[in-house]
Amino acid sequence: MQVNKALTIAGSDSGGGAGIQSDLKTFQELNVYGMSAVTAVTAQNTRGVHGIYPVTAEGVTSQLEAIGADLRPDAVKTGMLFNKEIIEAAAGAIKNFGWNNLVVDPVMVAKGGSILLEEDAAAALKEWLIPLAKVITPNVPEAEVLTGMKIDSAEKRKKAAEILCGIGADITVIKGGHWNESDLCSDLVYDGQEFYELDGKRVATKNTHGTGCTFSAAITAELAIGKTPKEALHTAKQFIQAAVEYGIEAGSGHGPTNHWAYRRLGNAKR
Ligand SMILES: Nc1ncnc2c1ncn2[C@@H]1O[C@H](COP(=O)(O)OP(=O)(O)OP(=O)(O)O)[C@@H](O)[C@H]1O
Ligand SMILES: Cc1ncc(CO)c(N)n1
């Protein structure tokens, strides 16, 4: 049986709600074979990050070369990349192997404030990785770092999306988790031509650990099975909405989302 394959290049979250764990769970739920290249091991739970142990750039390249020599991913996502050496290693392999359908989630800070990307690495994201991206999915604080502008109005959110597409992403999604829109949690999309919103209902919950990872992994899985970016974004929004809305209780801090909620809604046999 032929299968569609997706690769995540990201950090490990020992707590299981974000990073490669959330990505692989999401790929599986969307009927895509998941592969991973680990960039850093984090000792983490729902309450915070206890430690970060980065993999060497050589170690990341070696994982990517092993994958590239044997298994061609139909789509790739990046999450926590931690430093500029790892960004360069990831971008180099993606370019050399000619992997398409790249989703860049420019992870910078964990919910509790721990740094998941060194300060001098944002420039490397812009120079090497974002130009290769089909979709980039910053939250508002990440979009502020990447554009150097304060985003405090709807107009500025649009302007930031234009700048990020100008850096080379085909499509920019500025997510709404950190955007105060009362009971709405909508994400702004700009595809270089038109703006549109992925509408969602804000759920009152503290269990939002890994929402960004899960959302970008769902986009990646849908691109891997050949959906258009617009279709992929739409499904990913439904996936994360269900995962937050039909929440689970695990841990005493910011708990994980429910990665199997979308299946429970009757989407198992798509
Ligand atoms: N409380 C919520 N209710 C409904 N949807 C939410 C909620 N919080 C986030 N989302 C959705 O989850 C997705 C991820 O957005 P968010 O802005 O939380 O990403 P993030 O900050 O990168 O997440 P993380 O760093 O935890 O991985 C978006 O589609 C957003 O609209
Ligand atoms: C490993 C990892 N990647 C990403 C995030 C952001 O949610 C996190 N907390 N941990």
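Criteria and cut-off values
- Residues numbered from 1 in each chain as written.
- Chains lettered and ligands numbered in written order.
- Predicted model: local features only at pLDDT ≥ 70, side-chain atom pairs only at ≥ 80, totals over all residues.
- Heavy atoms only, no water.
- UniProt positions renumbered as here; feature names shortened; annotations may be inferred.
- Near = heavy atom within 4 Å.
- Polar contact = N/O pair within 3.5 Å; in protein donor to acceptor, adjacent residues only side chain to side chain.
- Areas by Shrake-Rupley, 256 points an atom, 1.4 Å probe, with all protein chains shown as cover.
- Helix = DSSP H or I, 4+ residues; strand = E, 2+ residues; numbered from the N terminus.
- Nonpolar A, V, L, I, M, F, W, Y, C, P; charged D, E, K, R; others polar.
- Phe/Tyr/Trp six-rings, centres within 6.5 Å; stacked < 30°, edge-to-face > 60°.
- Buried < 20%, exposed > 50% of the residue type's maximum accessible area, 1.4 Å probe, protein only.
- Lys NZ or Arg CZ within 6 Å of the ring centre and 35° of its normal.

Within an unreviewed UniProt entry, the label attached to the protein chain reads Hydroxymethylpyrimidine/phosphomethylpyrimidine kinase, and the organism entered is Fictibacillus aquaticus. What UniProt records for the protein chain under Sequence similarities (unreviewed entry) is the sentence "Belongs to the ThiD family."

### Digging into the site of ligand 1
Every one of the 19 residues lining ligand 1 counts as a neighbour, but K111, K175, H178, D187 and K237 are closest to it. Take T211: an N or O atom from its side chain is 2.9 Å from an oxygen atom of ligand 1. Considered on its own, ligand 1 offers 630 Å² of accessible surface; in the complex 93% of this is hidden by protein. Listing elements by their share of the shell around ligand 1, those giving two or more residues are α7 (211–224) and α8 (229–245). A per-element tally of the shell around ligand 1 places α7 first, with four residues. Here the residues of the shell around ligand 1 sort into six nonpolar, seven polar and six charged.

### Overview of the packing of aromatic side chains
If you walk through the whole model with that rule in mind, you get three aromatic pairs. Pairing F97 with W99 gives two aromatic rings, centres 5.0 Å apart and planes at 15 degrees, and the pair type is stacked. Aromatic pair F239 and Y262: ring centres 5.4 Å apart, planes at 45 degrees, arrangement tilted. Placement of F239 in helix α8 and of Y262 in helix α9 (residues 261–267) is noted, with a sequence separation of 23 residues between them. Here F239 and Y262 have matching classes, each one buried. In this structure, K158 is placed above the aromatic ring of F195, and the distance from its NZ or CZ to the ring centre is 5.1 Å. Just above the ring of Y196 sits the side chain of K230; from NZ or CZ to the centre is 4.7 Å.

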